[in-house]
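Overview (structure and organization)
One-letter residues, chain by chain:
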Amino acid sequence: MADIITLDDVSVVFESDGRPVEAVSHATVHVEEGEIFGIVGFSGAGKSTLVRTINLLERPTSGHVIIDGRDVTALRGAALRELRSGIGFVFQSFNLIDNVTVAQNIAFALKAAHVPKARRRARIEELLRLVGLEEKIDSYPSQLSGGQKQRVSIARALANHPRILLCDEATSALDLETTEEILALLKRINAELGVTIVFITHQFDVAKAIFDHVAVMEHGVIVEQGTTFDVFGSPRHETTRALVERYLGVAIPKQLVPQLPSGRLIELRYKDEGAFEPLISDVSRRFEVSINVLHGNVGYFGTQAIGTLVVLVSARQEGQRGAFVVQAAIDELTSRVADARELSVALNDDIGASVDAIFADDADGVDGTDTSAHTAGAHHGNAHKEVLA
Amino acid sequence: MNDTIEILKENLGQALWDTFTMVGIATLVGVAFGTALAILLFLTQHQLFTPNRIVNEVVGFVVNAIRSMPFLILLVVLIPLIQLMIGDPYTPTGGAIALSVAAIPFFARVAESAFQEVDDGLIEAAISTGAPVRQIIFDAVFPQALPAFIRGIVLTVISLLGYSAMVGTIGAGGIGDLAIQYGYNRYETGVLVAVVLLLIVVVQLIQWIGDRIALKVTH
C-alpha cells in the first residue's frame, strides 16, 4: 500500500544552553495508509519530537515531511493550518480546556476547520457516540475520569475527519484496564474509519497489542524498524532487546538456584508455530543431555505468538565428553529456534555472586511470568551473552 | 461628632462617586489595554507562537519602566501631560487618566502571568487542530486562564483604590481627598476613621465578589 506519511531523513536540532542538541537524527520512516504504526523507545529517545514533525508542531531542522505524496515541510499560514486540521493529535495528558464543556472542547476543533455553528452540535453528538460518551456532552473535564478525558480528546482529534491520528503516549497516564479500553477504541477507529494511526509509547504491552509496524528509537536515532512481529520476535538492537526483555524476560527465584543440577542456562525464543515440546525431547534424546525447563512464557503479538523458554542443559556424563555433548545440544537447540542466548551464570561454581545479575531479587519471581519479568528484565539485560549471532 | 456627620453627609456621596468613576475608568482602560499588551508579550515570548525577542524586550522594558515608578511620582510626572490633554489635571477625569496609565502595565503583567500558567500541552493541542492564533488565544488560552485573569482584575481594582487616595492628595477628588482635606488638614479624626472603615468594607466586598466569580468560572 502507498505511504501516507514519509519522514525522509528528518533531523531536529534544539539549542540548549547555547549548544545544539540533536533530538532526532536522520530519521526515515514510511507509514502505510490504514495501518497502526508504532514508535517505541525509552523516555528521552526523541519519539515525541519525531511524531511532532508530522504535523509540523516541531519543524525539522533538515529532511522532509511528506504527507500523501506532498512535501509539507515548508508549509506556513493557512496551508499549514489546513494540513493540521486533517491530522488528529492525542496527548498523554489529554490537554483539554478545563473551564469549558466537553462539547465546547470538541467545538474548538470544528471551529478551526470553519464548520458552521449550526452544524457543530450534531457532529459533536456523533463523535461522542463514537467514543461512547454521549451523556457527557455538557460535562466539564474535571467531572470525567482519565479514560473519559482521553475519549473526549480522541473525539476532538477526530472532529474534522482526519486520515491520520497521532497519539503521543496516549495511554501512559491511564491504568491497565482503561488502557485496554482506549486501545480497543483506537483499533476500532483504525478498522472502521480507516484512519492511519501513528502511536508512540514506552509501554511494550501497548506496542505488541496494536502495532502493525514499529520503529525503535534511541538517542534520536531509529535503530530498528519493521513489522512488529519481526522486530520484537528477533530483536537486533540492544534497545529493542531491552524493551522485549522487560516483557518476555525471565526470572527464576533465587532459592531455586542451589537445587539446580550443574549445566548451562540457555534462553530460547521461538516464533509462532515453533513446535517446542518435540524440540526439547528430541534434543535430549539424541544428545544424551538432560534439559530442564525452568521458565516459560508466551507473548502474543496480534494473532502471532512469541515464546520464551529458559532451559538448563546438563550432561548425563562427566568430563570433556559431557561438555562437548552439551555444546552440541545447545547448537542444535539454537539452530532450531528463532533466537537463543546463553545466560551467563555458572551454576556449578560461584552461585551467589553471579546469580544476582540474572535472577529475581526476591520471591515475587516464583510465578515466573508476569510480575517477575518486569523486575528481572532490567537486571539480566546486561548479564546474558549470545550463544550464536 | 456632629461636625463629622455633617461633613460626611455633605461630601461623602460625591467623594465615593468620584473614587468609583476614577477606579472604574482606570480598571476598564487598564484591563483592555493591559490585556492587549499581555497578549503581545505572551505571543512574542512563547516558543509555540511567534517568539520575537526584540519586540518582547522593548515592550517588557516600557512596562517595567512605568511599573518601577512609585505611583505618587508617576502622578507628578503625568501632571503636565494631563494638563495638555484636558486642561485641569486636578479633577476626577485627570485622576482617572493618571490611574489608567498606572493600571495598564500593572494589569499587563498580571494577565501575562495568567496566560503563562496555561499548560503548553493545551496550546499544542489547540495548534494541532489547525486553529488560527486568534482562536487559540480567545477560545483556549483565555478560558483556561479566566480564573487567574479574574483574580488579577480584583488585585488591580484594589491596588487602584489605594492609588486613588494619592490622586486625592493632589486635589483630584474622591474619598482620599475627603480624608486628607477634612481628616488630616482640619483635624476631623472622625472623617478619617469613617473613610478608613469604609475602605476596609469596600476592599473586603470587592475581594469577596471577585473570589465568587473566579470560583464560578473554575471547573
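Here the structure is a predicted model, which is why all the values come from computation and not from measurement.

1. A closer look at unusual backbone geometry
Residue and element names in this part refer to chain A. One non-glycine residue with positive phi stands out, namely Asp9, at about 55°. Of note, Asp9 is situated in strand E1 (residues 3-16). Judged by the 12 C-beta atoms lying within 10 Å of it, Asp9 is exposed.

2. Details of the interface of chain B and chain A
Each partner contributes to the interface: chain B provides 20 residues, whereas chain A provides 21 residues. Among the elements of the structure, helix H5 (120-128) and helix H6 (133-169) of chain B are those that each provide at least two residues to the side of chain B that touches chain A. If you tally residues by element for the side of chain B that touches chain A, the top one is H5(B), at seven residues.

3. So, the sheet that holds strand E8 (residues 196-201) of chain A
Residue and element names in this part refer to chain A. Ordered by their spatial adjacency, six strands build an open sheet running E6-E7-E8-E3-E9-E10, and the pairing between neighbours is mixed. The sheet terminates laterally at strand E6 (87-91) and strand E10 (221-227), the two strands that pair on one side only. Strand-to-strand twist of the sheet, defined as the mean angle between neighbouring strand axes without regard to direction, takes the value 15°. Strand contacts of helix H5 (residues 146-158): E6 and strand E7 (164-168), with the helix running at about 165° to E6, the strand carrying the most contacts.

4. Topic: the sheet that holds strand E4 (residues 62-67) of chain A
Residue and element names in this part refer to chain A. If you walk across this open sheet you meet the four strands as E2-E1-E4-E5, and the pairing is antiparallel. Where the open sheet ends on each side, the last strands, each with one partner, are strand E2 (19-32) and strand E5 (70-71). When E1 meets E4, the two strands line up antiparallel, connected through five bridges. Paired with Thr6 across the strands is Ile66, a residue of E4.

5. Examining the UniProt feature "domain: ABC transmembrane type-1" (unreviewed entry) in chain B
Per the UniProt record, "domain: ABC transmembrane type-1" (unreviewed entry) is annotated on residues 16-210 of chain B. Taken end to end, residues 16-210 of chain B has its terminal C-alpha atoms 20 Å apart, with 85% of it in helix and 0% in strand.

6. Notes on helix H4 (residues 117-131) of chain A
All names here are of chain A. Between its first and last C-alpha, H4 extends 22 Å over 15 residues, near the 21 Å set by a 1.5 Å rise per residue. Inspection of H4 places Ile124, Leu127, Leu128 and Val131 among the buried residues, and these make up the whole buried set. Buried residues in H4, looked at end-on, bunch into an arc of 95°, giving them a common side. In H4, the exposed residues that point more than 90 degrees away from the buried face are Ala118, Arg119, Ala122 and Arg129. Next to the buried residues of H4 lie helix H3 (102-112), H5 and helix H6 (176-193).

7. Focus on the UniProt feature "transmembrane region" (unreviewed entry) in chain B
Residue and element names in this part refer to chain B. Following the UniProt record, the feature "transmembrane region" (unreviewed entry) maps to residues 20-43, 55-82, 148-175 and 187-209 here. Spanning residues 148-175, this segment combines 82% helix with 0% strand, and its end C-alpha atoms are found 29 Å apart. Across residues 187-209, helical content stands at 91% and strand content at 0%; the span's end C-alpha atoms are separated by 34 Å.

Parameters at a glance
Residues numbered from 1 in each chain as written. Chains lettered and ligands numbered in written order. Predicted model: local features only at pLDDT ≥ 70, side-chain atom pairs only at ≥ 80, totals over all residues. Helix = DSSP H or I, 4+ residues; strand = E, 2+ residues; numbered from the N terminus. Buried ≥ 20, exposed ≤ 12 C-beta atoms within 10 Å, placed from the backbone. Contact = placed C-beta atoms within 7 Å. Pairing = 2+ DSSP bridges. Axes fitted to C-alpha atoms, helices over the stretch in contact; angles between N-to-C directions. UniProt positions renumbered as here; feature names shortened; annotations may be inferred. Expected span 1.5 Å × (residues − 1). Arc of directions from axis to C-beta.

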